Amino acid sequence: MSVIRAQIYKETRELLPWWLGGLAALLACEFAIRQDRHLSEGLLMLALAGIACGMGGFTIGHEYSHRTLGSLLAQPARRTSLLGIKLIVLASLLTSLGVAASFVLAERGLSWQAIVVSIGCAFFLAPWLSMVGRSALAGLVFSIALPPVLIALFLYATDKWEWLGHVLHRSDPTLVLAIVMVPLWALGGILTWRTFLRLQALEGTPGQISLPAWLTTRPMAVERTEIRRRNRVWLLVGKELRLQQLTFAISAVYVAAWTAFTMAGMEGAAEPLAWIHAIVIPVVIGGLASAEERHLGTASWQALQPMASAWQWIIKAAVALVLTAVLVPAMPWVLTQLGGFPVGIEGGFVTATVCVCVAVLYVSSISPSGIRAILNAGLALILLFTIGAGVNG
């Protein structure tokens, strides 16, 4: 089998499960729209953006997840050919997914701009962001979060300078999307190409030995090391919080988006943004808690710790559940106290998010990486919710 054919087969094999999951989510949303149009329409947009940007981030991000980036870059083929194959496979699957979504939107009379924005961000932004963040999950999260923030800032600028709003016809949503997204997509496409051509496999190999920084920056000298006894429970709690760096990054993006929408005077965007944050956070927390350790190669080390595995698991679950219970209601409340639009997260919904986090923790315990745990759990929750909404309706 030639290098090109093997590469096409590999890329199709990696992305096909997410494409099939996207089709299943669209069918479930189509069924649920008949019962609750407004709620299911929002779920359809969220599912389409998540699946599409997940495929875009996974195009190059799976090389980091499987630690195959070095093997890819060492193939006897030009890097332009390798990237071209990845983008061709991605474009074909995204196009078919967009066509399927367009049938659902056309039948229900929904807006088509969401399809174009989702597909464009997945193709032009997600691969580059996955290389910058060295993770498929980073490409997924930031390719979804970046466009609404930029659109809100653009609307704020047109409100700040009235002449700009008159010139650009702020009321035309298609024109606003074109002005903001087309340059962003062009920049993302150029950076994707440029970054891949200069990409290096920096993740290293297990057991690799390198000189410490102090040996190369100053004369060799041995400093006295002070050994301190620290509480092992707090050390494990700190380790769990470090695993949740992406969770804190998502919350920071939520704050940035809320700031941009507030500056633009978009009152209607505050509440949907808070609900999206409340839905995404428990899935990300649960997905990263266990699977990310397996992806980083540190899960086996934990079995050697001088603490029972049951207690380690209890600490892991407690940190995840407490973090969910705090971030879901606390973030909107704090932003409301700072002068934002009032958004209330009900206690029953907070309890539901904690239950979701528990379910995703189980998915994370059997998944090889955090991105797979999050996508699998997110897709399953969307399917269950939309089918349940349709049955109850």
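Residues numbered from 1 in each chain as written. Predicted model: local features only at pLDDT ≥ 70, side-chain atom pairs only at ≥ 80, totals over all residues. Heavy atoms only, no water.

K.L.:
If you had to explain the overall build of the protein chain to someone new, which residues and values would you point to?
P.N.:
Secondary structure summary: the protein chain contains 17 helices and 0 strands in total. The 393 residues of the protein chain split such that 44% are buried. Look at the contacts in the protein chain between residues 6 or more apart in sequence, and 82% of them connect residues 24 or more apart. Here the protein chain displays about 20400 Å² of accessible surface, and carbon together with sulfur accounts for 67% of that area. (Helix = DSSP H or I, 4+ residues; strand = E, 2+ residues; numbered from the N terminus. Buried < 20%, exposed > 50% of the residue type's maximum accessible area, 1.4 Å probe, protein only. Contact = heavy atoms within 4.5 Å. Areas by Shrake-Rupley, 256 points an atom, 1.4 Å probe, with all protein chains shown as cover.)

K.L.:
Explain the environment of I51 residue by residue, including any values.
P.N.:
Take I51: it is sitting in helix α2 (residues 37-65). On the accessibility criterion, I51 (11% relative accessible area) is buried. Separated by 32 residues in sequence, I51 and W19 have C-alpha atoms that sit 7.5 Å apart. Those residues in contact with I51, other than ones at most four positions away along the chain, are W18, G22, L97 and L379.

K.L.:
An account of the pattern of salt bridges is needed here, citing residue identities and associated values.
P.N.:
Applying the stated criterion across every chain, the model contains 8 salt bridges. One salt bridge connects K10 with E11, and the closest N-O pair in it is separated by 3.5 Å. Residues K316 and E293 are paired through a salt bridge, measuring 2.9 Å at the closest nitrogen-oxygen approach. With K316 in helix α15 (residues 309-337) and E293 in helix α13 (residues 270-296), the pair connects residues that are 23 residues apart, well separated along the chain. (Salt bridge = Lys/Arg side-chain N within 4 Å of Asp/Glu carboxyl O.)

K.L.:
Describe the packing of helix α11 (residues 232-243) against α15, listing the residues and the values that go with them.
P.N.:
Viewed as axis vectors pointing N to C, α11 and α15 meet at an angle of 50°, and their least axial separation amounts to 10 Å. Comparing the axis directions of α11 and α15 gives the class oblique. Relative to α15, α11 is oriented so that their crossing is right-handed. Contacts between α11 and α15 involve V233, L236, V237, K239, E240, L241 and L243 from the former and Q312, I315, K316 and V319 from the latter. Its residues placed into classes, the contact of α11 with α15 shows 7 nonpolar, 1 polar and 3 charged. (Axes fitted to C-alpha atoms, helices over the stretch in contact; angles between N-to-C directions. Parallel < 35°, antiparallel > 145°, perpendicular 65-115°, else oblique. Left-handed = near helix turned anticlockwise from the far one by under 90°. Nonpolar A, V, L, I, M, F, W, Y, C, P; charged D, E, K, R; others polar.)

K.L.:
Tell me about the side chain of T353, and please be specific about residues and values.
P.N.:
Topologically, T353 is positioned in helix α16 (residues 347-365). Ignoring anything within four residues of it in the chain, the contact list for T353 reads A278, P282, T324 and V328.

K.L.:
Quick rundown of the nonpolar core? Include the residues and the values.
P.N.:
Ranked by internal contacts, the top residues of the largest apolar core, which has 71 residues, are M55 and M181. Those residues in contact with M55, other than ones at most four positions away along the chain, are L15, W18, W19, L90, L93, L94 and L97. Membership of the second largest hydrophobic core comes to 11 residues, among which are I60, L69, L72 and L87. (Core = buried A, V, L, I, M, F, W, Y, C linked by side-chain atoms within 4.5 Å.)

K.L.:
Could you give me a rundown of α15, with the residues and numbers involved?
P.N.:
Helix length check: α15 (29 residues) gives 41 Å between terminal C-alpha atoms against 42 Å at 1.5 Å per residue, within 8%. When the local axis directions of α15 are compared, the greatest deviation, roughly 35°, occurs at A330, which is followed within four positions by the proline P332. (Expected span 1.5 Å × (residues − 1). Bend = angle between axes of the 7 residues up to and from the residue.)

K.L.:
Can you break down unusual backbone geometry residue by residue, with the values?
P.N.:
At R67, a position not held by glycine, the phi torsion is positive, near 55°. Mapped onto the fold, R67 is located in the loop between α2 and α3 (69-73). The phi torsion at R134 lies on the positive side, around 55°, for a residue other than glycine. In this fold, R134 is placed in the loop between α6 (126-133) and α7 (136-160). Classification of R134 as partly exposed rests on a relative accessible area of 32%.

K.L.:
Run through the confidence of the model for the protein chain, naming residues and quoting values.
P.N.:
Close reading of the predicted structure is inappropriate where its pLDDT is low. Of all residues in the protein chain, 75% have pLDDT values of 70 or greater, and the mean over the chain is 77. Put simply, helix α10 (residues 213-217) is where the protein chain has its lowest mean pLDDT, 51, and α6 is where it has its highest, 89. Note on residues 204-212: pLDDT is under 50 here. Beyond four places in sequence and across chains, it has 0 contacts. (pLDDT = per-residue confidence, 0-100.)

K.L.:
I'd like a rundown of the packing of aromatic side chains, residues and numbers included.
P.N.:
For the structure on display, the rule yields 3 aromatic pairs. Between the aromatic rings of F123 and F124, the centroid separation amounts to 5.0 Å while the plane-to-plane angle is 85°, which identifies the pairing as edge-to-face. Residue classification places F124 among the partly exposed residues on the basis of a relative accessible area of 28%. The interplanar angle of 20° and the centroid separation of 6.1 Å between the aromatic rings of F124 and W185 together place this pair among those described as stacked. In this pair, F124 sits in helix α5 (residues 113-124) while W185 sits in helix α9 (residues 173-197), placing the two residues 61 residues apart along the sequence. For W185, a relative accessible area of 13% translates into the label buried. Within the aromatic cluster, the residues linked to one another by ring pairs are F123, F124 and W185. (Phe/Tyr/Trp six-rings, centres within 6.5 Å; stacked < 30°, edge-to-face > 60°.)

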